[in-house]
Amino acid sequence: MAVPARTRIALADDDVLLREGLVSLLERSGFEVVGQAGDAPELIDIVSKHEPDVVIVDIRMPPGHSTEGLEAAKMIREDFPRTGILLLSAHVEVDQAMELLAAGHRIGYLLKSRVTAITDFIETINRIVAGGSVVDPLLVRELFAARRRNDPLELLTEREREVLALMAEGRSNAGIAHRLWITEGTVEKHVRSIMARMRLPETADDHRRVLAVITFLDSR
């Protein structure tokens with residue numbers, strides 16, 4: 001029987017201690033780190049050479065420490081669309097990342113503080129590898145707290161908002177059911193109601209979920 005291939009990861013962060021710590025954590029967790037970079041050009045070179053399954057990249061990278069990492073991620077998404085991307089940030093700054101998040105597949109956004117929750121961090125990577133999208137729970141809560149007037153979520157019930165928030169975190173119906181202590185069938189009813197209340201177009205279920213999450217992210 002063939003041994004399953006390990007998930008291959010490229011990592012970019014100019015903080016050497018954090019980067020080395022992540023490499024150690026990833027390798028202990030069974031991932032293969034094919035390269036690590038301290039700036040965006042170096043990351044692009046690594047991805048071009050190794051075509052990893054996932055890229056983990058800090059949004060702010062040298063030399064300007066503005067959005068160099070994010071720009072590199074956009075280039076990678078364009079040239080290597082099957083490579084998953086996990087954006088890391090020390091602060092909540094989702095505006096610049098909305099274009100990538102809107103893709104809805106193989107994309108994640110986590111605050112660096114979330115990395116210390118090792119089980120959740122590893123689960124996030126696995127979700128991205130499986131084709132999902134993940135948004136940091138803290139960011140989800142902040143977006144809900146800052147909802148604007150006339151926002152499209154106003155028609156949702158409190159329970160439906162909870163379900164949508166967990167969808168934005170990348171959880172499946174089964175995962176949402178487990179988290180809220182309700183049945184999976186009840187979750188499915190809530191999801192259908194969310195789609196109807198938000199008047200999302202009739203498309204494949206996975207795409208409608210993505211549209212719901214994008215609407216949520218854009219409604220703050």
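Residues numbered from 1 in each chain as written. Predicted model: local features only at pLDDT ≥ 70, side-chain atom pairs only at ≥ 80, totals over all residues. Heavy atoms only, no water.

### With respect to the overall build of the protein
Put simply, the test is: Put simply, DSSP H or I for four residues or longer makes a helix, DSSP E for two residues or longer makes a strand, and each gets a number counted from the N terminus. Each residue's exposure class comes from its accessible area (1.4 Å probe, protein chains only) as a fraction of the maximum for that residue type: buried when under 20%, exposed when over 50%, partly exposed otherwise. Contacts between residues were defined by any pair of non-hydrogen atoms, one from each residue, lying within 4.5 Å. Where accessible areas are quoted, they stem from the Shrake-Rupley method and a 1.4 Å probe; at the residue level, only the protein chains shown are allowed to cover.
Helix and strand counts for the protein come out as 10 helices and six strands. Among the 220 residues that make up the protein, the fraction classed as buried is 49%. In the protein, the share of contacts with a sequence separation of at least 24, taken over all contacts with a separation of at least 6, comes to 61%. Of the roughly 11200 Å² that the protein leaves accessible, carbon and sulfur atoms contribute 51%.

### A short note on the packing of helix α2 (residues 40–50) against helix α3 (residues 68–79)
Stated precisely, the cut-off is as follows: An axis is simply a line fitted to the C-alpha atoms; with a helix, the fit covers only the stretch in contact. Between two such axes, the angle follows the N-to-C directions and lies from 0 to 180 degrees. These descriptions rest on fixed angle ranges, namely under 35 degrees for roughly parallel, over 145 for roughly antiparallel, 65 to 115 for roughly perpendicular, and the rest for oblique. Each crossing is labelled by how the near helix is turned from the far one, with a counterclockwise turn of less than a right angle marking it left-handed and a clockwise turn marking it right-handed. Residue polarity is assigned by list, with Asp, Glu, Lys and Arg as charged and Ala, Val, Leu, Ile, Met, Phe, Trp, Tyr, Cys and Pro as nonpolar; anything else, Gly included, falls into the polar class.
Put simply, α2 and α3 touch, their axes get as near as 9 Å, and they point 25° apart. In terms of axis orientation, α2 runs roughly parallel to α3. The hand of the α2/α3 crossing is right-handed. Together, Ala40, Leu43, Ile44 and Val47 of α2 and Glu68, Ala72, Met75 and Ile76 of α3 make up the contact between the two elements. Residue classes in the contact of α2 with α3 are distributed as seven nonpolar, no polar and one charged.

### With respect to helix α9 (residues 184–197)
Along an α-helix, residues three or four apart share an orientation, since each turn contains 3.6 residues. Which entries qualify depends on this criterion: Helices are assigned an expected span. That span is 1.5 Å times one less than the residue count.
Counted at 1.5 Å a residue, the expected span for α9 with its 14 residues is 20 Å, and the 20 Å between its end C-alpha atoms agrees. Inspection of α9 places Val187, His190, Val191, Ser193, Ile194 and Met195 among the buried residues, and these make up the whole buried set. Downstream of α9 by a residue or two, Arg199 has a phi angle that is positive, lying close to 55°.

### Considering the sheet that holds strand β2 (residues 32–37)
The following threshold applies: By this definition, two strands are paired if DSSP reports at least two bridges between them.
Across the sheet, six strands lie side by side as β2-β1-β3-β4-β5-β6; this open sheet has parallel pairing. Edge positions in the sheet fall to β2 and β6 (133–135), since each has one partner strand and no second. Taking the axes of each pair of neighbouring strands and ignoring which way they run, one obtains an average angle of 20° across the sheet. For strand β3 (residues 54–58) and strand β4 (residues 84–89), the ladder comprises five bridges, and the chain directions are parallel. Bridging from a neighbouring strand, Ile56 pairs with Leu86 of β4.

### So, the nonpolar core
Inclusion rule: Joining through side-chain atoms within 4.5 Å is the link that ties buried Ala, Val, Leu, Ile, Met, Phe, Trp, Tyr and Cys residues into a set, and such a set is a nonpolar core.
Core analysis: the biggest nonpolar cluster contains 25 residues, and Leu43, Val55, Val57, Ile76, Ile85, Leu87 and Tyr109 have the highest contact counts within it. Core analysis: the second largest hydrophobic core is formed by 18 residues, Leu26, Phe31, Ile125 and Ile128 among them.

### Quick look at the side chain of Glu68
Rule in force here: For the charge count, each Lys or Arg is scored as positive and each Asp or Glu as negative, with His and the chain ends excluded. By definition here, a salt bridge exists when the distance from a side-chain nitrogen of Lys or Arg to a carboxyl oxygen of Asp or Glu is within 4 Å.
Examined against the element boundaries, Glu68 turns out to sit in helix α3. Look at Glu68: it is buried, it has no salt bridge, and the nearest opposite charge is Arg60 at 7.9 Å. Excluding residues within four positions of it along the chain, Glu68 makes contact with Ala40, Ile59, Met61, Pro62 and Pro63.

### Details of the environment of Ile59
Tracing the backbone through its elements, the reader meets Ile59 in the loop between β3 and α3. Sequence separation between Ile59 and Leu86 is 27 residues; the distance between their C-alpha atoms is 9.7 Å.

### Topic: the confidence of the model for the protein
Let me state the cut-off plainly: Per-residue confidence from the predictor is reported as pLDDT, a score between 0 and 100.
The pLDDT averaged across the protein works out to 82; a share of 78% of its residues lies at or above 70. Summarising per-element confidence for the protein, the mean pLDDT is lowest in helix α10 (residues 205–217) (64) and highest in strand β1 (residues 8–12) (96).

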